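What the coordinates show
Residue-level listing of the chains:
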Amino acid sequence: MHYKDYVKWARMPSTWCGGCAIGIVFKQLTYTLAKMGVPRKKLVVVSGIGCSGRAAGYFDVDSVHATHGRAIPVAEGIKRGNPKLRVIVFSGDGDLAGIGGNHLIHASRRDIDLTVICIDNEIYGMTGGQMAPTSKRGAKTLTSLKGSEYYPINLQGLITSTPRHFYARGSAFRINHLQKCMQQALEWPGFAFVDAISYCIENHGRR
């Protein structure tokens, strides 16, 4: 398998901004899938709403673009319906930890065999740059013009609060390490979460 086999090239170029970290993480996932030789017919990718949610339409595999915050329960339904499938959730921190935070907590607690790739860019990018649950305290956003008063959600703490867990943190700046995190997550027999530290150059970086 080659990484290009996992991409719908007819839909390129993508709608992501030039230099957006989502495209970098997307490509590293396709590299990882190719390296592991994951058959396309046994793979499903589920995304929620947001910039990261566009990824579902760019993977040349069975995919679902779910409603906001519902990527994980949709993915869980697919996995329970056909346990032989490898199911990946590819979505943003606002979708997974904000709108879908309850699903994240309980799917990890139930140890569903899913791989979750979280594009953690600390912002609601697609809707204009509102403060997200991962925005750092003091961060200036569209909805915190003087700086956020709140501490960000501790994703690592949430996932690792379950005795049996897989949590890895990589970043769009260190692609070899990110690929390693993804491969280990895909090989993990249970719920696996990759916190892919990213950036939004338009609706967060400019501020």
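These notes cover the structure that comes with them.

Conventions and cut-offs
- Residues numbered from 1 in each chain as written.
- Predicted model: local features only at pLDDT ≥ 70, side-chain atom pairs only at ≥ 80, totals over all residues.
- Heavy atoms only, no water.
- 1 Å grid on protein atoms, 1.4 Å probe; cavity = no way out; pocket = protein on both sides within 12 Å on 5 of 7 lines; lining within 4 Å.
- Points joined across faces, edges and corners; volume = space filled by probe spheres on them.
- Helix = DSSP H or I, 4+ residues; strand = E, 2+ residues; numbered from the N terminus.
- Nonpolar A, V, L, I, M, F, W, Y, C, P; charged D, E, K, R; others polar.
- Salt bridge = Lys/Arg side-chain N within 4 Å of Asp/Glu carboxyl O.
- Buried < 20%, exposed > 50% of the residue type's maximum accessible area, 1.4 Å probe, protein only.

All right, on to the layout of surface pockets then. Computed from the structure, the largest pocket encloses a volume of approximately 400 Å³. A total of three residues in the lining of the largest pocket trace back to one element, the largest contributor, which is helix α3 (residues 93-99). Taken together, the residues of the lining of the largest pocket sort by class into 13 nonpolar, eleven polar and four charged. Put simply, the second largest pocket is a space of about 160 Å³. Lining the second largest pocket we find 13 residues, and of these Asp120, Thr134, Ile153, Arg169 and Asp195 sit closest to its centre. Classifying every residue of the lining of the second largest pocket by side-chain character gives five nonpolar, three polar and five charged.

A full pass over the atoms with the stated rule returns seven salt bridges. Between Glu76 and Arg80 there is a salt bridge; the shortest N-O distance is 3.0 Å. Taken as a pair, Glu76 and Arg80 lie in helix α2 (residues 71-81) at a separation of four residues, close to a single helical turn. The exposure class assigned to Arg80 is exposed, which follows from its relative accessible area of 52%. Across the salt bridge formed by Arg164 and Asp111, the nearest N and O atoms sit 2.7 Å from each other. Of this pair, Arg164 sits in the loop between α5 (155-160) and β7 (166-171) while Asp111 sits in the loop between α4 (101-110) and β4 (115-120); the two residues are 53 residues apart in sequence, bridging distant segments of the chain. Given a relative accessible area of 35%, Arg164 falls into the partly exposed group. Salt bridges sharing partners connect three or more residues here, namely Glu76, Arg80 and Arg110.

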